[in-house]
There are 2 protein chains.
Amino acid sequence: MEVPARLAAVAERLAASLGPHAVLSDPAELRTYECDGLARYAVSPGLVVLPESTEQVAEVVRACRDADLPFVARGSGTGLSGGALPRSDGVLIVTSRMRRILEVDLDAECAVVEPGVINLAISREVSPAHYHYAPDPSSQQICSIGGNVAENSGGAHCLKYGFTAHHVTGLEIVTPDGDVVWLGAGKCRQSTGYDLLGVFIGSEGTLGIATKVVVRLVQTQQCVETILAAFPDMASAGEAVSAIIAAGITPAAIEMMDALSIEAAEQAVDCRYPDGAGAVLIVELDGPADDVAAELAAVTARCEQSGAFELRRAADEYERGEMWKGRKSAFAAVGRISPDYIVQDGVIPRTALPEVLADIAALSERTGIRVANVFHAGDGNLHPLVLYDESVPGQGDAAEEVSGAILDLCIGHGGSITGEHGVGVDKAKHLPKMFTADDLDTMQLVRCAFDPAQRCNPGKVFPTPRLCGEVPRRGTTPHPAQAAGLAEAF
Amino acid sequence: MEVPARLAAVAERLAASLGPHAVLSDPAELRTYECDGLARYAVSPGLVVLPESTEQVAEVVRACRDADLPFVARGSGTGLSGGALPRSDGVLIVTSRMRRILEVDLDAECAVVEPGVINLAISREVSPAHYHYAPDPSSQQICSIGGNVAENSGGAHCLKYGFTAHHVTGLEIVTPDGDVVWLGAGKCRQSTGYDLLGVFIGSEGTLGIATKVVVRLVQTQQCVETILAAFPDMASAGEAVSAIIAAGITPAAIEMMDALSIEAAEQAVDCRYPDGAGAVLIVELDGPADDVAAELAAVTARCEQSGAFELRRAADEYERGEMWKGRKSAFAAVGRISPDYIVQDGVIPRTALPEVLADIAALSERTGIRVANVFHAGDGNLHPLVLYDESVPGQGDAAEEVSGAILDLCIGHGGSITGEHGVGVDKAKHLPKMFTADDLDTMQLVRCAFDPAQRCNPGKVFPTPRLCGEVPRRGTTPHPAQAAGLAEAF
């Protein structure tokens, strides 16, 4: 049978088993789902299904298996690497109707939630008991936990608290065959047997679909202090970051913005950051009151020593919100100063920050493409915003080139092509710059273990799909970083 | 060719390529390696090889592949679950000649080391710069990093600092085919593509052999305070642990010992814990001086409120060492009060502590088998010591039964059959109590991805080896915890 006929047959089967309201096949409805947060890629899905339970997800996956159709899972569709880009020849499985918080166990400091639950909904649920769910992507008001698991999402406070992988202790998944299995230790923090959580979390939907997520709940700290420090330039702000970390302090967050992103934020949300700042740092400290007071003094001193010309301390929640407003709006704000832009995501060792920033500035100078820098400075996760105007012939391509060159800079400094947005469709082509064919082949062998037929989110992450039956091609090619003479041992 | 002939051929090939000093085949020499820290199991290896480099490890593995012989990697042989138990029909690959610290990068806060490097050697190397390697198994003076990676080793300070998995950011491994690949992000904390580190760390030597390990270095805290609190009974000590955690304090360590283990420690090392203690807690706090002072006051208050009748604070490093001496000697000390004993290792949710301790006491009462309890109380990792006398007919079996029943208690409370000692040969039979056939099959599919021929440490972890060619047998059997009605969602 041809694809359209198989899709129709699956639609009929699932309408019968899940109910007609669970299946969308009208072209206008399908178009709603044609892209995720990365709108540069758009494909209308062959079929959309909205299951309401694990058993229904398994039934959809089994229907795809029986009809040999690919499928893609989608949460809220906020991803920035096209990881939830649909297939026109396949089924898009949307988890937005799986929004139950199934269990909250404050004694064990965990909750069990369905994948469609919104990130912030967990914190809202447990905040009366002074708990919260720690990973806080900028999209936390709308993004889903299932998507966070797929992307191993981070956020501003991951410097101190870690990523999704550090806060999920168990997963119920539907495998690409339609079976239901548990991965990880569940409510217990230590796992036994293979710890398959690590490979599943961040596998971008290619190893199965999470249907229940056991998340850690973290006690909300008694005291929070937020300061905004304005510096004449990026170099002095970078110096302050290094000095703070070197002093043995781990702030909950250290965010940095450059002059261009500050300008964008001012225009968008009137955040009133200090005039004339070449860079600002937002440093947040949390913990018991005495600890925070001591750290606040230490951080203030480091900022002053590094050249901060103005320091503001948030007096209350309102002022804290105002300080964060500029940072949190930065991506969208750039739209005010540039008709088009690319949100890039790369990682460098924190110590390489000054050098990489200088290189990005030189790149921008040379190409005439403006780059605004916003980043999680504490862990070296850059979010350069590459500004361009699609209506100017050649600028789109030039921006793409600059964007790629920034990734090359990250790799060249021993970093990574993505910190928290994932590889998806967008960066698959860059993956061989970081990994040898052998490294990638090892990953793909694991993929073949979970999904030999490659029906589960195919075309994402890996530049070239692997034929699961073929003999491994691993040889002994050197690691790219080693080949480049970057590290003797690494 | 028969096995002995194949072993002889491999011995000849490796003596030629690695040099004769790298190959041991004399039966007396082989016997040295017949067991690891779990001496109940002993098998003389077919051949022992001591490689000195990644390339040599790869060469040994390729020789095994070509001769179709199984192989087992061994570090210092301190494991407690028989994970490094040799095969009489195979090759034991001993990493003790791979002891170079290849690189220390204090800016990036990491080091690259060979697998035979002793855990404590890393901390010694970087201690002048006020850094250390955090995971601290009791055997840290002799155990190797390669073994720590295989077992995902923990230690007393893992409550605050996490396990091996949280401190290893990259691995060079030799795959079961003899290829060399890198897993993980290396010096950068965030990984791209599949994060295969998580599944490799703790896979107990069944997925390959780590040949280079990138470890995080942690700044040594400015201030450390250690207190010893004596309680009339375990229940009040347990209450103090809950109160400390509930106060939002994460001590570097909270260790608990019961009356029987205190008695053993007194006899062995004269640790002079307070008279009449039914339980002692050792609580260690670290951080900036002001923070620690505040936490010390809070912990002291909680202990007093929970019924501590004596509190001692270590005045200096010497007194700190004295306090720890009793705890660190506990396992060995039990040898003073019992001719034979089993060191058990299980995990329970911390909140189940009082109930599980009562159940263990009842079990001991019923069977007449004494159980000494020593544990990492903060994270619910129990180390019950089951005492018996092999020379009394039936006692060995009875002790085995009690030991198994304790694991059942852990599982029954939603815990795990191992916290940090691994499954190895010893606990493979218990694994199906925690996982469904489908769960185990998913793990074994990953094993087959790495090692389709099952040559790499076969017979460990999994109760039944999987034929890698067979069709997956996963069905939809309920999770044991769910079947037992323990959790609706989990």
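In what follows, the structure referred to is the one given above.
Rules and cut-offs
Residues numbered from 1 in each chain as written. Chains lettered and ligands numbered in written order. Predicted model: local features only at pLDDT ≥ 70, side-chain atom pairs only at ≥ 80, totals over all residues. Heavy atoms only, no water. Contact = heavy atoms within 4.5 Å. Buried area = accessible area lost by both parts, 1.4 Å probe. Salt bridge = Lys/Arg side-chain N within 4 Å of Asp/Glu carboxyl O. Polar contact = N/O pair within 3.5 Å; in protein donor to acceptor, adjacent residues only side chain to side chain. Helix = DSSP H or I, 4+ residues; strand = E, 2+ residues; numbered from the N terminus. Nonpolar A, V, L, I, M, F, W, Y, C, P; charged D, E, K, R; others polar. Phe/Tyr/Trp six-rings, centres within 6.5 Å; stacked < 30°, edge-to-face > 60°. Lys NZ or Arg CZ within 6 Å of the ring centre and 35° of its normal. Pairing = 2+ DSSP bridges. Axes fitted to C-alpha atoms, helices over the stretch in contact; angles between N-to-C directions. Least-squares fit on C-alpha atoms with pLDDT ≥ 70 in both. Buried < 20%, exposed > 50% of the residue type's maximum accessible area, 1.4 Å probe, protein only.

Asks: Honestly, the interface of chain B and chain A in this entry has me stumped. Any pointers?
Replies: Interfaces are often described in size by the accessible area the parts lose on coming together. Taken together, the contact pairs 75 residues of chain B with 76 residues of chain A. Together chain B and chain A conceal approximately 6,000 Å² of surface at their shared face, both sides included; 60% is due to carbon and sulfur atoms. Taken together, the connections running from chain B to chain A amount to 0 salt bridges. The interface formed by chain B and chain A includes 6 residue pairs in polar contact (both at pLDDT 80 or more). Secondary-structure elements contributing two or more residues to the side of chain B that touches chain A are strand 5 (101-105), strand 9 (180-184), helix 7 (197-200), helix 8 (234-246), helix 10 (289-305), helix 15 (431-434) and helix 16 (437-450) of chain B. Here the side of chain B that touches chain A takes 9 residues from helix 16 of chain B, the largest share from any one element. Here the side of chain B that touches chain A is composed, by residue class, of 34 nonpolar, 25 polar and 16 charged.

Asks: Could you clarify how one ought to interpret the packing of aromatic side chains in this entry?
Replies: In this description, a pair of aromatic rings is defined by centroid distance and the angle of the planes. By the definition in use, this model includes 2 aromatic pairs over all chains. Seen from their ring centres, Tyr194 of chain A and Phe462 of chain B are 5.0 Å apart, and the 90° between their planes marks the pair as edge-to-face. Remark: Phe462 of chain B occurs in the loop between helix 16 and helix 17 (480-483) and Tyr194 of chain A occurs in the loop between strand 9 (180-184) and helix 7 (197-200); the pair is interchain, linking two chains. The ring of Trp324 of chain A has Lys328 of chain A lying over it, and the distance from NZ or CZ to the ring centre is 5.5 Å.

Asks: For this particular structure, what's the right way to read the sheet that holds strand 1 (residues 23-24) of chain B?
Replies: Within a sheet, adjacent strands bond to each other through the backbone by hydrogen bonds, running parallel or antiparallel. All names here are of chain B. The mixed open sheet is built from 4 strands, whose spatial order is 1-2-4-3. This sheet does not close on itself; its edge strands, each paired only once, are strand 1 and strand 3 (71-74). Pairing geometry for strand 1 and strand 2 (residues 47-49), over 2 bridges, is antiparallel. Counterpart to Leu24 in the pairing with strand 2 is Val48. Here helix 1 (residues 3-18) sits on the sheet in contact with strand 1, strand 2 and strand 4 (91-94), set at roughly 20° to strand 2. Of the strands in this sheet, strand 2, strand 3 and strand 4 are in contact with helix 3 (residues 54-67), which crosses strand 4 at around 170°.

Asks: I keep staring at the relation of the copies chain B and chain A and nothing clicks. Help me out?
Replies: Copy one and copy two of the chain differ by a rotation about a common axis and a shift along it. By a simple turn and slide, chain B fits onto chain A: the slide is 0.0 Å along the axis, the RMSD is 0.0 Å, and the turn is 180°. These values place the two chain copies in the arrangement generated by a two-fold rotation axis. Mapped onto chain A, 100% of the interface residues of chain B are again interface residues, and the two copies thus contact each other with one and the same surface.

Asks: What's the story with the pattern of salt bridges in this structure? I'm lost.
Replies: Tallied over the entire structure, the rule returns 40 salt bridges over all chains. Across the salt bridge formed by Asp66 of chain A and Arg65 of chain A, the nearest N and O atoms sit 3.1 Å from each other. Judged by relative accessible area, Asp66 of chain A falls into the partly exposed class, the value being 48%. Where Glu59 of chain B meets Arg13 of chain B, a salt bridge forms, and the shortest distance between an N and an O atom there is 3.2 Å. One end of the pair, Glu59 of chain B, is in helix 3; the other, Arg13 of chain B, is in helix 1, with 46 residues separating them in the sequence.

Spatial relationships are all this shows, so hold off on functional conclusions.
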